[in-house]
Amino acid sequence: MENCKEGYAEAPFKHIYIEDDIDVGNLKAVERFRDAGIIRIKHYKDLFNRQRQSFVGQKASPNLIIARKHGKLIYEGSPVCQDFGNKHFYYTSCVMNCLYDCEYCYLRGMYPSANPTIFVNLEDIFDELDGLLKKHPVYLCVSYDTDLMAFEDLTGYVEKWCDFTASREDLTIEIRTKCARKDLWDRLTSCERVIFAYTISPQEIITKYEKGTPSLLMRAEAASVAMEHFPVRLCFDPMIFIKDWKDIYGKMFDEITEIIDIDRIKDFSVGSFRISSGFLKNMRRMMPDSEIAQYPFELMDGFYQYPKELADGMENYMSGLIREKKVDSEIFRP
Amino acid sequence: MILIITKDTEIGRSVKEHTETGNTGKVMLLFGEDISSEERFFEDGEMSSFIYLYHETGGEGGSESGVFRINRILDRYYPDLLLKSDLPETSSGDENVAEFYLKAAAKLPPHRIHILKVRGPVTDSAGKSITAYIGNVIAEGSEKEKRDIERSERDKKIRERAEKLAEEIHASESMKRQIEELVRYSRISGIDFDDMISELGREGLLPVADKKEGKKVLGELQRRICGSAV
């Protein structure tokens, strides 16, 4: 089933695994996949943490898991992730795994399973967050290990996060996405502290490495509509090395600036690909034919990245393009 | 090798009749009441998939008969249902099934463990359903085997090419690993590694006298292949 031709791979979402104590009625995912077989489970980890699972095989035939998350629900942000100048930087995972299939995604190296897992106890996350907000303001990334926008029809969580954030003055959230939906904005509670962060890649990178994701043009259009309602961040991160990368990234920037009014973008994130050594090891084992995973990275402080000269070159170039268009732009780099 | 086990001789005979596989080397079919999950065939390193077939006579309160794919065992174990199949599914509360599953799971990933149940009589139709399923396991396994062989041959060529350059530049062990990474990446990304080496030769950087010079050449090769020579 690894790299399986379509003939052998089971259809996506043929099964939905649901923890015993969760009521099936009212679950959007169950409504959406009416023909899926429901399999009851005791604990999602019995499934999610099985040994030797095929991440690649499960990407071809994903099944859905619906569970409750227990224990700590909000985590301090990693030092290698961008905090955008925020002192109290956290992240949370109300959904694990993504509908998209990007070859460079760290989830491939981090999770034993590719099955999307939806946690239904969002209210518990909200409660824990309220506890933190009593102590200090919080900057929270809610769409790190997934693409929440892409899952909106199955969860409704983007709407819930907007409502929640609007009512908490000291909370700012980031919703990272590649999704090109333009139909949600009217139903979302508008809030200056909900930042939609679009990952922008050249079409050549999208076609080659970001399987199942919307095109560059579609993302640019979506970002352009989004900024009428919410602050928008553009993330040129990760930048991926490809032959003629300079021309390709330059062309990409020209294309998106035809559609997006750069002056109205809140800020930018620029970063070349980097990944922890443990994750890369897993990815290399899982993807022996991957140009991205098998690149001869350099190891620095436990993280693999492009050679410094190349990484700096790429990031400087991208930052330069942005500054040319918007002199006072706020650009965050690793 | 795909190992198929059943303790039910009727199922075993039906499968044998339909597949006429017996022992082809690719598929090993074992059936008999005395087969235990403690048998040493689970120690066979060549096992690529495992199929366990069992029989449930009658039905429970009028449940339909036929062949079923097991999707859950004892509320704890879950074969990964990645292989396409039209077989209806059900769960199993059978401890014996769990034992075989666990033995297989010690060696195999969950998507390569298949548990099928025959409920009711072992009909010709049931035999055909099982055989069709086995056929898909074999076909998918053959594709994987083909890919594994191609990859193994490619890896061998990578190692040989890396060793050749390592010798030429008096490489240390860590330099050898670096060279292998460069050769591998070149193959995958379509860079002509031999061409790069020839270029270094034309520029007078090769051959080298010692490891120190070899290290410089390796650094230059890395820059060119990795795109940092911008």
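All values reported here derive from a predicted model rather than from experimental measurement.

1. Regarding the sheet that holds strand β2 (residues 37–41) of chain A
Residue and element names in this part refer to chain A.
And then number 1: Ordered in space as β2-β1-β3-β8-β6, the five strands form an open sheet in which the pairing is mixed. Only two strands of the sheet have a single neighbouring strand rather than two, namely β2 and β6 (95–96).
And then number 2: Examined bridge by bridge, strand β1 (residues 15–19) and strand β3 (residues 64–67) share three bridges and lie parallel to one another. Note that in β3 the partner of Tyr 17 across the bridge is Ile 65.

2. Overview of the interface of chain A and chain B
And then number 1: On the chain B side, the residues contacting the 40 residues of chain A number 42 residues.
And then number 2: Interface area for chain A against chain B, summed over the two sides, is near 3,600 Å², with a carbon-plus-sulfur share of 51%.
And then number 3: For Glu 181 of chain B, the salt bridge identified is with Arg 284 of chain A, shortest N-O distance 3.4 Å.
And then number 4: Taken together, the links from chain A to chain B amount to 18 residue pairs in polar contact (both at pLDDT 80 or more).
And then number 5: Taken together, the elements giving at least two residues each to the side of chain A that touches chain B come down to β1, β2, α2 (44–48), α3 (55–60) and α12 (308–325) of chain A.
And then number 6: Looking at the side of chain A that touches chain B, the element that brings in the most residues is β2 of chain A, giving three residues.
And then number 7: Residue composition of the side of chain A that touches chain B, grouped by class: 16 nonpolar, eleven polar and 13 charged.

3. With respect to the environment of Arg 159 of chain B
All names here are of chain B.
And then number 1: Secondary-structure assignment places Arg 159 in helix α3 (residues 124–168).
And then number 2: Classification of Arg 159 by relative accessible area gives partly exposed; the value is 38%.
And then number 3: Here the alpha-carbon distance between Arg 159 and Met 47, two residues 112 residues apart in the chain, equals 27 Å.

4. Section: the environment of Gly 120 of chain B
And then number 1: The topology assignment puts Gly 120 of chain B in the loop between β6 (113–119) and α3.
And then number 2: Spatially, the C-alpha atoms of Gly 120 of chain B and Ser 14 of chain B are 14 Å apart, while their sequence positions differ by 106 residues.

5. A look at the pattern of salt bridges
And then number 1: All told, the structure shown has 44 salt bridges over all chains when counted by the stated rule.
And then number 2: The partner of Arg 274 of chain A in a salt bridge is Asp 237 of chain A, and the shortest N-O contact between them spans 3.1 Å. Separated by 37 residues along the polypeptide, Arg 274 of chain A in strand β15 (residues 274–276) and Asp 237 of chain A in strand β13 (residues 232–239) bring together distant segments of the chain.
And then number 3: Note on Asp 237 of chain A: relative accessible area 12%, which makes it buried.
And then number 4: With its nearest N and O atoms 2.6 Å apart, the salt bridge here joins Lys 308 of chain A to Asp 312 of chain A. On the criterion of helical spacing, the pair formed by Lys 308 of chain A and Asp 312 of chain A is a turn pair, its members being four residues apart in helix α12.
And then number 5: Here the residues in one salt-bridge network are Asp 289 of chain A together with Arg 151, Arg 154, Asp 155, Glu 180 and Arg 184 of chain B, joined through shared partners.

6. Concerning the domain arrangement of chain B
Note: interface size is frequently given as the accessible area lost on complex formation between the parts.
And then number 1: Here the domain parsing of chain B yields domain 1 (2–148) and domain 2 (169–226).
And then number 2: Taking the mean C-alpha position of each, domain 1 of chain B and domain 2 of chain B sit 50 Å from one another.

7. A look at the packing of helix α5 (residues 122–133) of chain A against helix α7 (residues 157–166) of chain A
All names here are of chain A.
And then number 1: Taken N-terminus to C-terminus, the directions of α5 and α7 make an angle of 25°; their axes are 12 Å apart at the nearest point. Here α5 is positioned roughly parallel relative to α7, judged by the angle of their axes. Crossing of α5 over α7 shows right-handed handedness. In contact with Leu 122, Ile 125, Phe 126, Leu 129 and Asp 130 of α5, α7 contributes Tyr 157, Lys 160, Trp 161 and Phe 164.
And then number 2: Among the residues making up the contact of α5 with α7, the classes are represented as seven nonpolar, no polar and two charged.

8. Some points on the confidence of the model for chain B
Predicted coordinates in regions of low pLDDT should not be interpreted in detail.
And then number 1: This prediction gives chain B a mean pLDDT of 89; 91% of its residues lie at or above 70.
And then number 2: For this predicted complex, the interface score ipTM comes out at 0.90, while the overall pTM is 0.93.

9. Describing the side chain of Lys 117 of chain B
Residue and element names in this part refer to chain B.
And then number 1: Within the secondary structure, Lys 117 is located in strand β6.
And then number 2: For Lys 117, a relative accessible area of 2% translates into the label buried.
And then number 3: Within the structure, Lys 117 has its side chain in polar contact with the side chain of Glu 56 (distance 3.0 Å).
And then number 4: Beyond its immediate chain neighbours, meaning those up to four positions away, Lys 117 contacts Tyr 54, Glu 56, Gly 66, Val 67, Phe 68, Ile 70, Thr 90 and Ser 91.

Conventions used here
Residues numbered from 1 in each chain as written. Chains lettered and ligands numbered in written order. Predicted model: local features only at pLDDT ≥ 70, side-chain atom pairs only at ≥ 80, totals over all residues. Heavy atoms only, no water. Pairing = 2+ DSSP bridges. Helix = DSSP H or I, 4+ residues; strand = E, 2+ residues; numbered from the N terminus. Contact = heavy atoms within 4.5 Å. Buried area = accessible area lost by both parts, 1.4 Å probe. Salt bridge = Lys/Arg side-chain N within 4 Å of Asp/Glu carboxyl O. Polar contact = N/O pair within 3.5 Å; in protein donor to acceptor, adjacent residues only side chain to side chain. Nonpolar A, V, L, I, M, F, W, Y, C, P; charged D, E, K, R; others polar. Buried < 20%, exposed > 50% of the residue type's maximum accessible area, 1.4 Å probe, protein only. Domains from an automatic or database assignment. Axes fitted to C-alpha atoms, helices over the stretch in contact; angles between N-to-C directions. Parallel < 35°, antiparallel > 145°, perpendicular 65-115°, else oblique. Left-handed = near helix turned anticlockwise from the far one by under 90°. pLDDT = per-residue confidence, 0-100.

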